[in-house]
Amino acid sequence: MLVLRSIALFLVAALAEIGGAWLVWQGVREHRGLVWIGAGVLALGLYGFVATLQPDPHFGRILAAYGGVFVAGSLAWGMVVDGYRPDRFDVLGAVLCLAGVAVIMYAPRG
C-alpha cells in the first residue's frame, strides 16, 4: 500500500511541478500575463509540499527519484498539452528513468 501511495504522490507532484512550469512558460514566453505566472508559482509551491508527504524520510532519495518521474512526466505533458511527439530515444530515456525511480524508491533494503 505504501508503494501505491508513493506512486500517487509522485504523479500529483509531477502535475504540480510540470503544470506550474508550463504556466510560467505560457505567462512569459507566450505573453499570457501575470495571472498565468502567478498560477504557475502557486503550483510550483504546491509541488514542494506534496514531495514532503512521501513515506520515505530521505530528501535526497525522494528528489533523485522524482527526477525520473519528471523526465517521463514532461514528455507525457508535451504530448497531451503541446502536441509533442517523442521519438524512440525519448521513450527509451523515459523508460530508463522510470526504471531508476523503481530501483531508488522500491528496491528492498534491509
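Bear in mind the structure is a predicted one, so any value in this text is a computation, not a measurement.

A. Region of the structure containing the side chain of D56. Examined against the element boundaries, D56 turns out to sit in the loop between α2 (34-51) and α3 (59-82). Within the structure, D56 has its side chain in polar contact with the side chain of R61 (distance 2.8 Å). When near neighbours in sequence (up to four residues on either side) are disregarded, D56 contacts R61, I62 and M105.

B. Representation of the packing of aromatic side chains in the model. One pass over the full model with this rule turns up five aromatic pairs. By way of ring pairs, the aromatic residues F10, Y47, Y66 and F70 are connected into one cluster. We note R32 situated over the ring of W36; from NZ or CZ to the ring centre the distance is 4.7 Å.

C. View of unusual backbone geometry. Backbone geometry places H31, a non-glycine residue, at a positive phi of 55°. Residue position: H31 is located in the loop between α1 (2-29) and α2. The class for H31 is exposed, based on a relative accessible area of 71%.

D. Quick look at a nonpolar patch on the surface. Together, M1, V3, L4, I7 and L11 line one region of the surface with nonpolar side chains, adding up to about 550 Å² of accessible area. With respect to the helices and strands, M1 occurs in the segment before α1.

E. Highlighting helix α4 (residues 88-106). With 19 residues, α4 should reach 27 Å at 1.5 Å per residue; the first-to-last C-alpha distance of 26 Å fits that figure. Among the residues of α4, those classed as buried are A94, V101 and M105. On an axial view of α4, the arc spanned by its buried residues comes to 10°, and they lie on one face. Exposed residues lying more than 90 degrees from the buried face of α4 are R88, F89, L96 and V103. Where α4 is buried, its residues contact α1 and α3.

F. View of the packing of α3 against α4. It is at 8 Å that the axes of α3 and α4 come closest, and there the two elements cross at 155°. Taken as axis vectors, α3 and α4 run roughly antiparallel relative to one another. Between α3 and α4 lies a crossing of left-handed hand. Residues R61, I62, A64, A65, G68, V69, V71, A72 and L75 of α3 form the contact with α4, whose own contacting residues are D90, A94, C97, L98, V101, I104 and M105.

G. Focus on the packing of α1 against α2. Put simply, α1 and α2 touch, their axes get as near as 7 Å, and they point 160° apart. One element, α1, and the other, α2, form an angle in the roughly antiparallel class. Here α1 and α2 pass one another in a crossing that is left-handed. Class assignment for the residues of the contact of α1 with α2 results in 18 nonpolar, four polar and one charged.

How each quantity is defined
Numbering of residues starts from 1 in every chain and runs along the sequence as written. The model is predicted, so local features are restricted to residues of pLDDT at least 70 and side-chain atom pairs to those at 80 or more, both for listing and for counting; the totals for chains, interfaces and linings are taken over all residues. Side-chain figures throughout are based on the complete set of non-hydrogen atoms in the structure, without hydrogens or water. Helical segments are the DSSP runs of H or I of at least four residues, strand segments are the runs of E of at least two, and each set is numbered from the N terminus. Each polar contact in these results corresponds to two N or O atoms within 3.5 Å; when the atoms are within protein, one needs to be able to donate a hydrogen and the other to accept it, and residues that are neighboring in sequence are counted only if both atoms are side-chain atoms. Should any heavy atoms of two residues lie within 4.5 Å, those residues are counted as being in contact. Stacked, tilted and edge-to-face pairs are distinguished by plane angle, under 30 degrees for stacked and over 60 for edge-to-face with tilted covering the rest, among Phe, Tyr and Trp rings (Trp via its six-membered ring) whose centres lie within 6.5 Å. Lysine and arginine charges are scored as sitting over a ring when NZ or CZ, respectively, is within 6 Å of the ring centre and within 35 degrees of the ring normal. Burial status follows relative accessibility: with a 1.4 Å probe on protein chains alone, a residue under 20% of its type maximum counts as buried, one over 50% as exposed, and anything between as partly exposed. A patch consists of residues exposed above 30% relative accessible area that lack any salt bridge, with like charges linked at up to 9 Å and nonpolar side chains (Val, Leu, Ile, Met, Phe, Trp, Tyr) linked at up to 5 Å. Every accessible area reported is derived by Shrake-Rupley at a probe size of 1.4 Å, with residue values counting cover from the shown protein chains alone. Any Lys or Arg side-chain nitrogen located within 4 Å of an Asp or Glu carboxyl oxygen qualifies as a salt bridge. By definition here, a helix of n residues has an expected span of 1.5 Å times n minus one. In this description, one arc is meant: the one made by directions from the helix axis to the C-beta atoms. For helices, the fitted line uses only the C-alpha atoms of the stretch in contact; every axis is such a line through C-alpha atoms, and the angle between N-to-C directions lies from 0 to 180 degrees. Should an angle fall under 35 degrees it is taken as roughly parallel, and over 145 as roughly antiparallel, whereas 65 to 115 is taken as roughly perpendicular and any remaining angle as oblique. Two helices crossing with the near one rotated counterclockwise from the far one by less than a right angle form a left-handed crossing, whereas a clockwise rotation gives a right-handed crossing. Residues were grouped as follows: Ala, Val, Leu, Ile, Met, Phe, Trp, Tyr, Cys and Pro as nonpolar; Asp, Glu, Lys and Arg as charged; and all remaining residues, including Gly, as polar.

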